Amino acid sequence: MVREEVRRALDVRRLVVKIGSALLVEPDGRIRRRWLEALAEDLAELHREGRKLVVVTSGAIAVGRRLLGLARERLRLEEKQAAAAVGQIRLAHAYDDSLGRHGLATAQVLLTLADTEARRRYLNARATMETLLRLGVVPVVNENDTVATSEIRFGDNDRLSARVAVMLGAETLLLLSDVDGLYTGDPLRDPEARHIPEVASITPEIRAMAGGSASEVGTGGMRSKLEAAEIATGGGTTVLLARGTGLHPLRALRTGAPCTRFAARTTPKRARKQWILARLEVRGRLVVDEGAAAALQRGSSLLPAGVVAVEGAFEKGDAVAVVGPDGRVLAKGIVAYDAEDARRIQGCRSPEIEARLGFRGRDELVHRDDLVLLGRG
Ligand code: GLU
């Protein structure tokens, strides 16, 4: 029987599915085509139901090292990066092929963890992903291993997938792994180990259960799954940890396969507001007219047309205060232009932005998703 909570977690607007190397790549480095085909079928089914899907996939290094004949146990960072660069092409093709059979367009998105943090690159990464989703494309994300500056760790994609899910306000992150969830002990060694279907909060006891198990081709083990769950649930995304080794892992889940569900601790919207309020130092002020002030209260974005003054030196992606004509701070938000460009387009209607800047930028100076009204919940 499918648990109601699991059914609801899959019945969402946006779903991020994370796929570990161990599922996708045979120990000898070949891509498990049949498995991928079956996954693509599952994804196509969800896509037809109108859900927006994002895949975060590992496997580039596992595939690339075989192609390069780097079978040795431990690779140096540069070798891993080289292997990833070679393997990523194969990986992307394999997804494109499999999803393409169902008429789905895929996009290769390579991110670093830093790209999912604040500021400029975050805004760009999110805007691109939003556009892809709007166009019905399935972004296939991996870490941009070529530019990774520290040791690439298996399990980084667990965290990356959590960041991506939070960045996109996805309701659910599905971590497909080689175990069907969290157990009270190591199920391979301890016959008494019990499966835990539901985790309301990640306590030290829960952490102790995770231990440090890792599989052969390389998953991050349970610990990195918990870290991902921590990031995701704090950002308003529910996490399902399920076994993905069999064919049609999503179908299995939808028909009652066991999993562990980590409940979101907040909603994506609330988490985002908290993030804007708590983390970012205000670098400038945008003074707006009455009309814009009223529009903000109604939940609109801040357009350049309503701005009468731009104060401070800020970069795109910095936090700014939005100030009303009476000098009262109305809102705090993340600005989509740097101070210089903001000054150039202040007072401008959207169609004029391009002529002023010489490029077609965003219509909003601060998008409503990036605004928190003050003095309101
Ligand atoms: N980005 C690495 C790869 O594609 C994997 C990282 C991970 O397994 O978490 O091989």
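The preceding data block contains the structure.
All of these numbers come straight from a predicted model, not from anything done at the bench. (Residues numbered from 1 in each chain as written. Predicted model: local features only at pLDDT ≥ 70, side-chain atom pairs only at ≥ 80, totals over all residues. Heavy atoms only, no water.)

Novice: Can you tell me about the pairing of strand β10 (residues 259–262), naming the residues and giving the values?
Specialist: Side chains C259 and R261 of β10 all project onto a buried face; the interleaved residues T260 and F262 project onto the opposite face, where all are buried too. Relative to β10, strand β8 (residues 198–199) runs parallel, the two being bridged by two bridges. The residue of β10 that forms the bridge with V199 is F262. As paired strands, strand β9 (residues 238–243) and β10 are joined by four bridges and run antiparallel to one another. Across the sheet, the residue bridging to L241 is T260, located in β10. (Buried < 20%, exposed > 50% of the residue type's maximum accessible area, 1.4 Å probe, protein only. Helix = DSSP H or I, 4+ residues; strand = E, 2+ residues; numbered from the N terminus. Pairing = 2+ DSSP bridges.)

Novice: Describe the sheet that holds strand β14 (residues 329–334), with residues and values.
Specialist: The five strands lie next to each other as β12-β11-β13-β14-β15, forming an open sheet whose pairing is mixed. Two strands close off the open sheet at either side, each with one partner strand: β12 (307–312) and β15 (371–373). Put simply, the sheet's adjacent strands are angled 25° from each other on average, direction ignored. Two strands pair when backbone bridges link them, and strand β11 (residues 282–288) and strand β13 (residues 319–323) are joined in this way by five bridges, in the parallel orientation. Following the sheet pairing, G284 is matched in β13 by V320. (Axes fitted to C-alpha atoms, helices over the stretch in contact; angles between N-to-C directions.)

Novice: Go over helix α5 (residues 77–100) with me, naming the residues and quoting the values.
Specialist: Side chains of residues three or four places apart in an α-helix project in the same direction, reflecting 3.6 residues per turn. In this model, α5 (24 residues) spans 33 Å end to end at C-alpha, consistent with the 34 Å of a helix rising 1.5 Å per residue. Along α5, the largest kink reaches about 30° and is centred on G87. (Expected span 1.5 Å × (residues − 1). Bend = angle between axes of the 7 residues up to and from the residue.)

Novice: So, the nonpolar core: which residues are in play, and what are the values?
Specialist: Core analysis: the largest hydrophobic core is formed by 41 residues, its most contacted members being V54, M129, V141, V164, L173 and F262. Top contributing element to this core by residue count: helix α6 (residues 119–134), with six residues. When near neighbours in sequence (up to four residues on either side) are disregarded, L173 contacts V16, K18, S161, A162, A165, A232, T237, T238, V239 and L240. If you look at the next biggest cluster of nonpolar residues, it comprises 40 residues, including A40, I61, L104 and A242. (Core = buried A, V, L, I, M, F, W, Y, C linked by side-chain atoms within 4.5 Å. Contact = heavy atoms within 4.5 Å.)

Novice: Any chance you could break down the environment of R14 for me, citing the residues and the numbers?
Specialist: Mapped onto the elements, R14 comes out in strand β1 (residues 14–19). Taking relative accessible area as the criterion, R14 reaches 11% and is therefore assigned buried. The spatial distance from the C-alpha of R14 to the C-alpha of A165 is 8.5 Å, given a sequence separation of 151 residues. Contact partners of R14, with chain neighbours within four places excluded, come to K52, E130, L133, L168, A170, E171 and T172. Of note is the side chain of R14, whose polar atom sits 2.8 Å from the side chain of E130. Separated by 2.8 Å, the side chain of R14 and the backbone oxygen of L168 make a polar contact. (Polar contact = N/O pair within 3.5 Å; in protein donor to acceptor, adjacent residues only side chain to side chain.)

Novice: Which residues make up helix α7 (residues 156–167), and what values go with them?
Specialist: With twelve residues, α7 should reach 16 Å at 1.5 Å per residue; the first-to-last C-alpha distance of 16 Å fits that figure. Counting buried positions along α7 gives ten out of twelve residues, so the element sits mostly inside the fold. Phi for G169, located one or two positions after α7, is positive at around 65°.

Novice: An account of the sheet that holds strand β3 (residues 106–111) is requested, with residue identities and associated values reported.
Specialist: Pairing is mixed across the open sheet formed by eight strands, whose spatial order is β3-β4-β2-β1-β5-β9-β10-β8. Each edge of the open sheet carries a strand with a single partner, namely β3 and β8. The sheet contact formed by β3 and strand β4 (residues 138–143) spans six bridges and is parallel. Of the residues in β4, the one forming a bridge with V109 is V141. Strands β1, β2 (52–57), β3 and β4 of the sheet are contacted by α5, whose axis makes an angle of about 150° with β3.

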